[in-house]
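Architecture at a glance
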Amino acid sequence: MASAKRVPKKADSEFRTDPDGGWPDWIDPAALRRLQEAIRSGRIGHAYLLSGPHGVGKAAAARAFAQAICCTNTERSDRATPCGHCRACRNVSRGAHPDVETFSLDTQAMLAEKPGRGSTLTIDTVRRLRSSAALFPLESDRRILIVDDAETLLEPAQQALLKTLEEPPPGVTLVVLADEPESLLETVRSRCQEIPLRPIPQAAVAQSLQSRGVADGLATEVASLSRGCAGWALAAVADKKLLQTRRDERAAAARWIASPRYEQLVTAFTLGDQYSKRRAEVVGVVQSAMELLREEMLAAAQAIGNRPASGGRTTPAHVYSRAIVAALQCLSDLDANVRPRLALEAMVVAWPNSEMRER
Ligand SMILES: [Zn+2]
């Protein structure tokens, strides 16, 4: 793993790159081990599916994996770790290595005749990938094709991708990245070795930001809002709008939870009505609410632990766990296209009401 050496403050846009080259120091260690093991064993598979929440680091992991495979530095002590400095490593990092190609909504937009970023990866993009997979590697032993935003592939495009997965050309490795692997066909998923990337502890996110020269106060705040996704945190440090959106979501969630039951319901209905147009925002507020309830539960548990046994008027833990379960259910209902008003209402009635919280 790359050392967490302190680096001079860089321009915001450079925060996304790992300061020392090599593997990002904030990738889920279990996933990192599996990717490195594939390289060390000398049996790199034909297809991997890296799954995990948006901003958890799937693209960074895929890039480092490609670098480790293409790295030409013969001095490195571990062939599963890229040096980060040789020409091959730098070219992978810049998206300029002839044997590493990424297919994503962004690359698709760059090649499109009409301007604008679509919301799905098209069949044409999958066809481009198929042609690219037929080429021989030029500089490395292997071609690595990264399919980002794979959760946006509609079924016909997935069927087209399946053809490549079913008859993988020798010397080609597909690395498919998906926020929601459930949106992929079972046939696609089963052809890939799935490596889930889990969020990492907040402290690790904060440390990673600090090691890139982010001031301690900002690093702590961004980490607390990151949901354990360091990729998001790095982007949020560079993009204040991203950060402010999450701050706003959290503030809205706090007001929602603290309001009387009647207002909680009104807010639930309002958000329900907005869901079709502002889906990400509504989901973000529900996620923030769940995080706040979790924090309140921990604080309550601590308060009970610190107090003599006779005290005991804090909201009991089971009330919070019921509320958290309801929030999880709401998120899964929204995802399953349950009517948003119903899903949000059912969650709110399981929340602790304000009378219970006031003492
Ligand atoms: Zn290298």
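This text goes with the structure placed above it.
Report follows, based on the coordinates.

About the thresholds
Residues numbered from 1 in each chain as written. Predicted model: local features only at pLDDT ≥ 70, side-chain atom pairs only at ≥ 80, totals over all residues. Heavy atoms only, no water. Helix = DSSP H or I, 4+ residues; strand = E, 2+ residues; numbered from the N terminus. Buried < 20%, exposed > 50% of the residue type's maximum accessible area, 1.4 Å probe, protein only. Contact = heavy atoms within 4.5 Å. Donors = N, O, S within 2.8 Å, 3.2 Å for Na, K, Ca; no water. Tetrahedral: all angles 85-135°; square planar, octahedral: opposite > 155°, others 65-115°. Salt bridge = Lys/Arg side-chain N within 4 Å of Asp/Glu carboxyl O. Pairing = 2+ DSSP bridges. Right-handed = clockwise from strand over helix to strand, strands pointing away. Expected span 1.5 Å × (residues − 1). Arc of directions from axis to C-beta. Axes fitted to C-alpha atoms, helices over the stretch in contact; angles between N-to-C directions.

Here's the deal with the overall build of the protein
- Counting its secondary structure elements, the protein contains 16 helices and 5 strands.
- The buried share among the 359 residues of the protein stands at 48%.
- For the protein, long-range pairs separated by at least 24 residues make up 72% of all intrachain contacts whose partners lie at least 6 apart in sequence.

Overview of the coordination of the zinc ion
- Here the zinc ion is held by Cys-71 (SG), Cys-83 (SG), Cys-86 (SG) and Cys-89 (SG), and the distances to it run 2.2 to 2.4 Å.
- Its 4 donor atoms give the zinc ion angles of 106 to 115 degrees at the centre, a pattern that matches the tetrahedral case.
- Of note, the zinc ion draws all its donor residues from one chain, in the sequence arrangement C-x11-C-x2-C-x2-C. Of the two residues, Cys-71 sits in the loop between α2 (58–70) and α3 (87–94) while Cys-89 sits in helix α3, which places them 18 residues apart along the sequence. The same class applies to Cys-71 and to Cys-89, which are both buried.

Description of the pattern of salt bridges
- A complete count under the given rule lists 16 salt bridges for this structure.
- Put simply, Arg-227 and Glu-249 hold a salt bridge, and the shortest N to O gap is 3.8 Å. Pair noted here: Arg-227 is in the loop between α9 (216–225) and α10 (230–238) and Glu-249 is in helix α11 (residues 240–258), with a separation of 22 residues, a long-range link.
- Connected through salt bridges with shared partners, the residues Asp-99, Glu-101 and Arg-143 form a single ionic network.

Some remarks on the pairing of strand β3 (residues 143–147)
- Burial analysis of β3 places 5 of its 5 residues in the buried class, which makes it a mostly covered element.
- Neither face of β3 is exposed, since Arg-143, Leu-145 and Val-147 on one face and Ile-144 and Ile-146 on the opposite face are all buried.
- As paired strands, strand β2 (residues 100–103) and β3 are joined by 4 bridges and run parallel to one another. Residue pairing for β3: Thr-102 is matched across the bridge by Ile-146.
- Bridge count for β3 against strand β4 (residues 172–178) is 5 bridges, and the pairing is parallel. Across the sheet, residue Arg-143 finds its bridge partner in β4, namely Val-172.
- Each parallel crossover has a hand, and the one from β3 via helix α6 (residues 155–166) to β4 is right-handed.

Examining helix α1 (residues 29–40)
- Taking 1.5 Å per residue, 12 residues should reach 16 Å; α1 reaches 16 Å between its end C-alpha atoms and fits that length.
- Among all positions of α1, only Ala-31, Leu-32, Leu-35, Gln-36, Ala-38 and Ile-39 are buried. The buried side chains of α1 occupy one side of the element, clustering within an arc of 150 degrees when seen end-on.
- Just beyond α1, the residue with positive phi is Gly-42, at close to 75 degrees.

Some remarks on the sheet that holds β2
- Taken in spatial order, the 5 strands line up as β2-β3-β4-β1-β5 in an open sheet, and their pairing is parallel. The open sheet has two edge strands with one neighbour each: β2 and β5 (193–196). On average, each strand axis in the sheet is tilted by 20 degrees relative to the strand beside it, whichever way the strands run.
- Across 5 bridges, strand β1 (residues 47–51) lies against β4 in parallel orientation. When the sheet's bridge partners are listed, Ser-51 is paired in β4 with Ala-178.

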